[in-house]
Amino acid sequence: MSMPSGSRDPPSSQLVPLDLLPAQRYEDACLEYLASCASIQQRLIDILNELDMDSHYSVEIDVLGLIEYSTGLGSVLLRSPARMLRIMDEQLVRIEDILRENHESRAFMSLKRNVHARVSRLPLCAEVTKPNVSSIRANDINRLISISGTVIRAGVVRMLERRKEYECKTCAHRFAVEATAETNFCPQMPTSCPSASDIPCKGTIFALIEGTQECCDYQELKVQEPVQSLTVGKIPRSITVVMENDLVDTCKPGDDVVVHGVLTRRWRSMSRESRPDVEVILEANHVTVNNGMRSVMQLSEETKEEIHEFWERNRDRPYAA
């Protein structure tokens, strides 16, 4: 497979936002990294051999491996995860196409476009791996983080209209409108035609183009921070986790999970003379169920000290204690 040449680390990518750097540079760098991983190539070949064209498929991306390969790409993934994950999804489809063209069994393979990069093995640092929900801060918004906890509520799986296209009745310009978690999945229609023509269009009437709706499965979870990670007397907090596509129905209430995702604000519908209502949610990208870890009880240092002091006081009367 021929890959684009160039530096692995885009200059100043650790400090400059993704929007201020050429997108093509990151697309080429992502393509080079993803195509260099044998496990990713094998996973894509398995997906090509699947029969269902409409299902959503996940491809695991080792973040520590990415950082080792390119600190620039890893840094931008942690700081601008929404854009980088979208680029990775696009490059995975490109690699799929290349693999199919060069494979001896290409006649039995079909290109799947619903492929999603799922990040795993995030760095074990305080900025990324949060010990509990209480440690989340305002500067974590739009960053890639990891939290662990127990699922205390799982909503029903619903269908969500993610994207649809409209046509301006005045100039016939077509444009797409996407529903995002930040707007509570309520599409925000433009006030006037967004056409970029030399003569601005002032049209305000738009017609939905039938057949352009893109839908996905959608589910919300409530994840509560583990009680053993809290100090004595502290009430456990919880956070809403949004699951989409192949992530829905992967866990149930009572499961212990580790969730990697993008921390996002969600604005509620506003009304006159009322305060704006905003909620912090986690858009899940990768979910791991760790029910097997329940047998290993984790105690805080404070609890260990209390147990130690208790048995020191009752050393001479263990049966009474």
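These numbers come from a predicted model, not from an experiment. (Residues numbered from 1 in each chain as written. Predicted model: local features only at pLDDT ≥ 70, side-chain atom pairs only at ≥ 80, totals over all residues. Heavy atoms only, no water.)

**Some details on unusual backbone geometry**
Short version of the rule: Numbering of helices and strands runs from the N terminus; a helix is a DSSP stretch of H or I covering at least four residues, while a strand is a stretch of E covering at least two. We call a residue buried when its accessible area falls under 20% of the maximum for its residue type, exposed when it is over 50%, and partly exposed in between, using a 1.4 Å probe and counting protein chains only.
Unlike most non-glycine residues, Asn-184 shows phi in positive territory, near 60°. Relative to the assigned elements, Asn-184 resides in the loop between β5 (174–178) and β6 (206–208). You can call Asn-184 partly exposed: its relative accessible area is 23%. Its identity is not glycine, yet Asp-249 carries a phi of approximately 65°, on the positive side.

**Focus: the packing of aromatic side chains**
By convention here, two paired aromatic rings are described through the distance between centres and the angle between planes. The condition is simple: Under the pairing criterion, centres of Phe, Tyr and Trp rings, with the six-membered ring standing for Trp, must be within 6.5 Å; the plane angle then separates stacked pairs below 30 degrees from edge-to-face pairs above 60, leaving the rest tilted.
For the structure shown, the criterion picks out four aromatic pairs. When the ring of Phe-175 is compared with that of Phe-206, the centres are 5.1 Å apart and the planes differ by 85°; the resulting orientation is edge-to-face. Linking Phe-175 in strand β5 with Phe-206 in strand β6, this pair joins segments that are 31 residues apart in sequence. Like Phe-206, Phe-175 is buried. One aromatic cluster is present, formed by Tyr-166, Phe-175 and Phe-206 through successive ring pairs.

**Considerations on the side chain of Lys-164**
Inclusion rule: By the convention used here, residues are in contact when the closest approach between their heavy atoms is within 4.5 Å.
The residue Lys-164 is located in strand β4 (residues 158–168) in this model. Filtering out sequence-adjacent residues up to four positions away, Lys-164 remains in contact with Phe-175, Ala-176, Val-177, Pro-187, Leu-208, Thr-212 and Gln-213.

**Digging into helix α5 (residues 81–102)**
Convention followed: In this analysis, the expected span of each helix is defined as 1.5 Å times one less than the number of residues it contains.
Between the first and last C-alpha of α5 there are 31 Å, a value that for 22 residues agrees with the 32 Å anticipated at 1.5 Å per step. Along α5, the residues classified as buried are Pro-81, Met-84, Leu-85, Ile-87, Met-88, Gln-91, Leu-92, Val-93, Ile-95, Glu-96, Leu-99 and Arg-100.

**Observations regarding helix α2 (residues 38–48)**
In plain terms, the rule: Note: the arc covers the axis-to-C-beta directions of the helix.
Taken as a whole, α2 has its buried residues at Ile-40, Leu-44, Ile-45, Ile-47 and Leu-48. Buried residues of α2, viewed axially, fall in a sector of 160°; they line one side. Residues Ala-38 and Ser-39 are exposed on α2 and point more than 90 degrees away from its buried face.

**Points about the packing of α2 against α5**
Put simply, the test is: To obtain an axis, a line is fitted to C-alpha atoms, over the contacting stretch when the element is a helix, and the angle between two such axes runs from 0 to 180 degrees between their N-to-C directions. Each angle receives one of four descriptions, namely roughly parallel if under 35 degrees, roughly antiparallel if over 145, roughly perpendicular if within 65 to 115, and oblique otherwise. For this classification, the nonpolar set comprises Ala, Val, Leu, Ile, Met, Phe, Trp, Tyr, Cys and Pro, the charged set comprises Asp, Glu, Lys and Arg, and every other residue, Gly included, is treated as polar.
With their axes 10 Å apart at the nearest point, α2 and α5 run at an angle of 75° to one another. By the angle between their directions, the pair α2 and α5 is classed as roughly perpendicular. Residue-level inspection shows Ile-40, Gln-41, Leu-44, Ile-45, Ile-47 and Leu-48 of α2 in contact with α5, the latter providing Leu-92, Ile-95, Glu-96, Leu-99 and Arg-100. Looking at the contact of α2 with α5 residue by residue, the class counts come to eight nonpolar, one polar and two charged.

**A closer look at the side chain of Gln-91**
The following threshold applies: We call two N or O atoms a polar contact when they sit within 3.5 Å, provided that within protein one can donate a hydrogen and the other can accept it, with sequence-adjacent residues counted only if both atoms are side-chain atoms.
Checked against the element boundaries, Gln-91 lands in helix α5. With a relative accessible area of 2%, Gln-91 lands in the buried category. Here Arg-94 takes part through its side chain, which lies 3.0 Å from a polar atom of the side chain of Gln-91.

**Here's the deal with a negative patch on the surface**
Worth spelling out the cut-off: Only residues whose relative accessible area exceeds 30% and that form no salt bridge are eligible for patches; like-charged ones are grouped when within 9 Å, while nonpolar side chains (Val, Leu, Ile, Met, Phe, Trp, Tyr) are grouped when within 5 Å. Residue burial considers only the protein chains on display, and all accessible areas are found by Shrake-Rupley using a 1.4 Å probe. Salt bridges, as used here, are contacts in which a Lys or Arg side-chain nitrogen is within 4 Å of a carboxyl oxygen on Asp or Glu. Note on charges: Lys and Arg go in the positive column, Asp and Glu in the negative column, and His and the chain ends are not counted at all. Taken as the charge centre is NZ of Lys, CZ of Arg, CG of Asp or CD of Glu, depending on the residue.
Taken together, the side chains of Asp-46, Glu-50, Asp-52 and Asp-54 present a region of like negative charge at the surface. Following the sequence through the fold, Asp-52 ends up in the loop between α2 and β1 (57–62). Note on Asp-52: relative accessible area 38%, which makes it partly exposed.

**Things to note about the packing of helix α4 (residues 71–79) against α5**
Working note: a packed helix pair is described by the angle between its axes plus the distance between those axes. Axis separation between α4 and α5 bottoms out at 6 Å; the angle between their running directions is 120°. Regarding the angle of α4 to α5, the classification is oblique. Between α4, through Leu-73, Val-76, Leu-77, Leu-78 and Arg-79, and α5, the contact on the second element is made entirely by Pro-81, Met-84, Leu-85 and Met-88. Grouping the constituent residues of the contact of α4 with α5 by class yields eight nonpolar, no polar and one charged.

**Side note on the pairing of strand β8 (residues 238–244)**
What counts, and what does not: Only strands that DSSP links by at least two bridges are regarded as paired with each other.
The element β8 is extensively covered by neighbouring structure, given that six of its seven residues are classed as buried. Sheet topology places strand β7 (residues 214–224) next to β8; seven bridges connect them, and they run antiparallel. Bridge pairing links Glu-220 to Val-242 in β8. Summarising the sheet, β8 and strand β10 (residues 278–289) pair through three bridges and their orientation is parallel. Across the sheet, the residue bridging to Val-241 is Leu-282, located in β10.

**Brief notes about a nonpolar patch on the surface**
On the surface, Ile-307, Phe-310 and Trp-311 cluster together into a nonpolar patch covering about 280 Å² of accessible area. Tracing the chain through its elements places Phe-310 in helix α6 (residues 301–313).

**Some remarks on the environment of Ser-135**
Here Ser-135 lies in the loop between β2 (115–120) and β3 (144–154). With relative accessibility at 18%, the residue Ser-135 sits in the buried group. Separated by twelve residues in the primary sequence, Ser-135 and Ile-147 have C-alpha atoms spaced 9.8 Å apart. Side-chain polar atoms of Ser-135 contact the backbone oxygen of Asn-132, separated by 2.6 Å.

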